[in-house]
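# Breakdown of the fold
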Amino acid sequence: MAAIEPIGILELGVDDAQAGLVLSTEAGWNQNEADWRFFLSRGVVFGVRDGIRLVATAALLPYSAGNAWISMVLVTADFRRRGIATKLVDACLDVAKRRGLTTWLDATPAGTSVYGPLGFIPTLQLRRLRLTKPQEANATRQLSAGHLEVLVVRDASAMGFDRSTLLSEFAARSGSRVASDAQAMALIRDGRTARHIGPLLADRTDQALALIDAIISSETGPWLIDAVHAHDEFLNGLVRSGWNIERPFQRMRFGPATVSPAQLPFAVAGPEFG
Ligand SMILES: CC(C)(COP(=O)(O)OP(=O)(O)OC[C@H]1O[C@@H](n2cnc3c(N)ncnc32)[C@H](O)[C@@H]1OP(=O)(O)O)[C@@H](O)C(=O)NCCC(=O)NCCS
């Protein structure tokens, strides 16, 4: 692990998955150890330690076609407002610059205050929703298994670049599945506190809502989804069905726009993955 001056920023390895999980758990986030392992093995994750304790992280996850996602920007409560997040995100941006990558992120309101001054510009907005009401699984409700290859193609069309590595890794995890219903499809995976639905691709709002209904009828939750705010009918439909809006996320971009997505997803893979 190489030390990077001047504030003891380290590049982390897969062995740091548990320590990363402690930080995301402190923030109340839904990532599990598998998520951290993915960032640490596929991305570049920087951290700051106080002795042996990991107190801050930020990850850069390179995707395809000159794009990357920044996420897992976490500073433990007693180390905040010392400029640590800013320095960690700067370290990610340095790597991105060297590799010629446009970087994206989905910011919490606190994160937006850090990223704006660094030069990130806002793009679309998301809403994180949670379904807390326990749902009775209804075995009679049929839900087809979707094909991962089809999901990968539809996701690439919605993002403007390929994420087959990410989606294949998600789908290979125990507890994951690709669900499909008429023209809609979604990936469902385990999180630390809730099952996560996304990405969700559909041609129309009614198809997207019908798929959500089928998914939550087919197994027990609790559930999380990160809906694209521009799909207001979808968002309203979820709220009418008992989902609660927990928090906004602001998608932001640093660097030139490299992509022109054909169709917005109804829900994303998660703010940490885009
Ligand atoms: C958001 C977070 C990463 C900031 O970490 P940090 O190390 O305290 O951030 P910095 O010290 O680099 O802050 C830089 C600037 O951002 C702004 N800022 C940071 N946290 C803020 C907050 N909670 N509210 C308002 N502005 C904030 C301030 O302008 C700050 O400069 P200042 O301290 O000189 O006023 C940290 O509060 C955290 O881990 N929060 C929980 C997880 C989270 O929301 N992560 C962001 C995900 S997108």
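As a reminder, the structure under discussion sits directly above these lines.
In short, a report on the structure. This one's a predicted model, so the numbers in the text were calculated from it and none came from an experiment.

The subject of this paragraph is the overall build of the protein chain. When you go through the protein chain residue by residue, the secondary structure sums to eight helices and 13 strands. The globule rule puts the C-alpha radius of gyration for 274 residues at 19 Å, and the 18 Å found for the protein chain is close to it. Taking all 274 residues of the protein chain together, 45% fall into the buried category. In the protein chain, 71% of the contacts between residues at least 6 apart in sequence involve partners at least 24 apart.

What follows concerns the pairing of strand S13 (residues 244–254). Direction of pairing for strand S6 (residues 102–107) relative to S13: antiparallel, over a ladder of five bridges. When the sheet's bridge partners are listed, threonine 103 is paired in S13 with phenylalanine 254. Bridge count for strand S7 (residues 121–131) against S13 is eight bridges, and the pairing is antiparallel. Residue pairing in the sheet places leucine 129 in a bridge with isoleucine 245 of S13.

What follows concerns the site of the ligand. Taken together, 17 residues lie near the ligand, and Arg80, Ala85, Thr86, Gly111 and Ser113 sit nearest. Elements represented by at least two residues in the shell around the ligand include exactly strand S5 (67–75), helix H3 (84–99) and helix H4 (109–118). No other element matches H4, which puts four residues into the shell around the ligand. Its residues assigned to classes, the shell around the ligand comprises nine nonpolar, five polar and three charged.

Residues of helix H6 (residues 164–172) that are buried: Leu166, Leu167 and Phe170. Projected onto a plane normal to the axis of H6, the buried residues spread over an arc of 90 degrees and lie on a single side. Where H6 is buried, its residues touch helix H5 (148–159) and strand S10 (184–189).

Two numbers describe how helix H1 (residues 17–26) lies on helix H2 (residues 33–42): the axes approach to 9 Å, and their chain directions differ by 120 degrees. The orientation of H1 with respect to H2, classified from their angle, is oblique. For H1 against H2, the interelement crossing comes out right-handed. Here Ala17, Gln18, Gly20 and Leu21 of H1 come into contact with H2, specifically with Glu33, Trp36, Arg37 and Leu40. Broken down by class, the residue content of the contact of H1 with H2 amounts to four nonpolar, two polar and two charged.

About the criteria used
Along every chain, residues carry numbers that run from 1 in the direction the sequence is written. Per-residue local features are limited, in this predicted model, to residues with pLDDT of at least 70; the limit for side-chain atom pairs, both in listing and counting, is 80 or more; totals at the level of whole chains, interfaces and linings are taken over all residues. Numbered from the N terminus, helices here are DSSP runs of H or I no shorter than four residues, and strands are runs of E no shorter than two. Radius of gyration: over C-alpha atoms. The globule rule applied is 2.2 Å multiplied by the number of residues raised to the 0.38 power. As a rule, residues whose C-beta atom has 12 or fewer other C-beta atoms within 10 Å are exposed, those with 20 or more are buried, and those in between are partly exposed; C-beta atoms are placed from the backbone. The contact criterion used here is simple: two residues whose C-beta atoms, placed from the backbone, lie within 7 Å are in contact. Note on pairing: DSSP must find at least two bridges between two strands before they are called paired. We call a residue near a molecule or strand when its C-beta atom, built from the backbone, sits within 6 Å of it. Three residue categories are used. Nonpolar comprises Ala, Val, Leu, Ile, Met, Phe, Trp, Tyr, Cys and Pro, charged comprises Asp, Glu, Lys and Arg, and polar comprises the others, including Gly. Read the arc as the range of directions from the helix axis to the C-beta atoms. Lines fitted to C-alpha atoms define the axes, with helix axes restricted to the stretch in contact, and inter-axis angles between N-to-C directions lie between 0 and 180 degrees. Angle categories are assigned with fixed cut-offs, so that under 35 degrees is roughly parallel, over 145 is roughly antiparallel, 65 to 115 is roughly perpendicular, and the rest are oblique. Handedness of each helix crossing follows the sense of rotation of the near helix against the far helix: counterclockwise by less than a right angle gives left-handed, clockwise gives right-handed.

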